[in-house]
Structure formats: structure tokens, C-alpha cells
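# Remarks on the overall topology
These are the residues of each chain, in order.
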Amino acid sequence: MKYIKWLWENHYELIMAILAAVALVAGIIVASICTNSLEEQNKEAVAAGGFTVCKAEEIPEAEAPAEEKRTYFDVPLSTEVQDHIFKASEYYGIDPAIIVAMCYRESTYNANLIGDNGNSYGLMQIQPRWHYRRMADLGCTDLLDPYQNITVGIDYLAELLGKYGSIDKALTAYNKGHYNGTITVYAKAVMETARSY
């Protein structure tokens, strides 16, 4: 016991450095395991026909009747980006017109927009400080990539829709960070724009 006390008193800095190094190595190992686990889950989900990860090429095609052709929105978003919106919207059970309207209201379809004094990114103006865990869970590394940005935005909106039960309340919370009982002008404008499509 005296030896441990002597070690602690005389070699405190060395002990703390060793503990910090051990913690760093453990963190790297855990991160590696989590990354590998996420990649395996994504492969399994894709194989099972699920919707996962942010990369457009890894998202499976939505099942659609052969005779039915997709009607694209007349907006400055590529058909590839709109395809991604349709697939993600179908997966999350959200009207794609709402997502396209949000892209207009949030960024006027500018995938490279950085707003809110450098805090909000891309088409759906995602703030990484609030969504870093969601981004990690979805494999999102670049919010200026329209596919990744839309995936994070739809995932967040779907969570809010589940929490508040209606799209107007979910849109209000998306815009304000919470729903306090009053529907915002933003939410009304998004729904009006979506109806106009």
C-alpha cells in the first residue's frame, strides 16, 4: 500500500500519461469495432432490401410497378438527387414533396450553402453540432454531399414526426428545435410549397 502511495505521489504525471495512452488505444479499438460492425450491418440490410447508409449507389432501388414512371419535380435538383429523395421518403413514410419543399425553404436548392454563421450545411441546412451522432449512425461524413445531407435531414424529420404525430408540428420542431404548441410560418410555408408541386 505504501509503495502504491509512493508511486502515485512521485510519478503522478507518468501514471496519468500511461492511463491517457491506454484510453486512446481503447478508443481506437472500439471505434474500429463499431465501424466494422456498422459496415456489416449495412451489408446485411442492403442484402435484405433495406435502406441504409448515405451513399446513393449503395441504396437499393425502390420497388415500383413496371408500367409506372416517376414524375420528377420541376426544380433545380438533378434526377439522381430526386431519385434519392423518392427512395428515402418511401423508406421513412414521408411525402417527397415535403422534402423538396424543405430543400427550397432551407437552401433554395443550393447543396453548397453554409448558413447560420457557418453552423448549417447543405440542402436541408443540417447543423453537425446537434446531429453528429445521427451522422455517425448513418455513415454521413460530408453534409455538402446532397445525398448524405438529405438522408440526415429526412431521418431527423422522421424522428420528429414520430415524436409529435403530425407533419406541421414536426416541421416546426425541425425549424425551431422543438414544438411549443404553435405552428411556425416556416412549417406553413413548407406545406404550402409542397402542395404547389
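Residues numbered from 1 in each chain as written. Predicted model: local features only at pLDDT ≥ 70, side-chain atom pairs only at ≥ 80, totals over all residues. Heavy atoms only, no water.

This part takes up the pattern of salt bridges. Following the criterion strictly, the structure yields 3 salt bridges and no others. Here Arg 134 makes a salt bridge to Asp 155, at a shortest N to O gap of 2.6 Å. Taken together, the residues span a long stretch of sequence, with Arg 134 in helix H5 (residues 128–138) and Asp 155 in helix H6 (residues 146–164) at a distance of 21 residues. Look at Asp 155 and you get buried, because its relative accessible area is 17%. (Salt bridge = Lys/Arg side-chain N within 4 Å of Asp/Glu carboxyl O. Helix = DSSP H or I, 4+ residues; strand = E, 2+ residues; numbered from the N terminus. Buried < 20%, exposed > 50% of the residue type's maximum accessible area, 1.4 Å probe, protein only.)

By the element assignment, Ser 120 lies in strand S2 (residues 120–121). For Ser 120, a relative accessible area of 1% translates into the label buried. In terms of polar contacts, Ser 120 uses its side chain to reach the side chain of Asp 116, at 2.4 Å. Among the polar contacts made by the side chain of Ser 120, one reaches the side chain of Gln 127 at a distance of 3.1 Å. If near-sequence neighbours (up to four positions away) are discounted, Ser 120 is found in contact with Leu 113, Ile 114, Gly 115, Gln 125, Ile 126 and Gln 127. (Polar contact = N/O pair within 3.5 Å; in protein donor to acceptor, adjacent residues only side chain to side chain. Contact = heavy atoms within 4.5 Å.)

What follows deals with the nonpolar core. Ile 98, Ile 99, Met 102, Met 124, Leu 157 and Tyr 174 are the most contacted members of the largest nonpolar core, which has 42 residues in total. Elements with a contribution of two residues or more to this core: helix H3 (79–92), helix H4 (96–107), H5, H6, helix H7 (167–176) and helix H8 (185–196). Tallying contributions element by element places H6 first for this core, with 9 residues. Excluding its chain neighbours within four sequence positions, the residues that come into contact with Met 102 are Ser 107, Leu 123, Met 124, Leu 157, Leu 171, Tyr 174, Tyr 186 and Val 190. (Core = buried A, V, L, I, M, F, W, Y, C linked by side-chain atoms within 4.5 Å.)

Tallying each qualifying case throughout the model produces 7 aromatic pairs. On the numbers, 5.7 Å between centres and 10° between planes, the contact of Phe 73 with Phe 86 is stacked. One end of the pair, Phe 73, is in the loop between helix H2 (12–47) and H3; the other, Phe 86, is in helix H3, with 13 residues separating them in the sequence. Residue Phe 73 is classed as buried on the basis of its relative accessible area, which comes to 16%. Residue classification places Phe 86 among the buried positions, given a relative accessible area of 15%. (Phe/Tyr/Trp six-rings, centres within 6.5 Å; stacked < 30°, edge-to-face > 60°.)

On to the packing of H3 against H4, then. Look at H3 against H4: their axes get within 9 Å of each other, and the N-to-C directions meet at 125°. Here H4 runs oblique to H3, going by the angle between their axes. The element H3 and its partner H4 pack so that their crossing is right-handed. Between H3, through Ile 85, Phe 86 and Ser 89, and H4, the contact on the second element is made entirely by Pro 96, Ile 99 and Val 100. The residue inventory of the contact of H3 with H4, partitioned by class, reads 5 nonpolar, 1 polar and no charged. (Axes fitted to C-alpha atoms, helices over the stretch in contact; angles between N-to-C directions. Parallel < 35°, antiparallel > 145°, perpendicular 65-115°, else oblique. Left-handed = near helix turned anticlockwise from the far one by under 90°. Nonpolar A, V, L, I, M, F, W, Y, C, P; charged D, E, K, R; others polar.)

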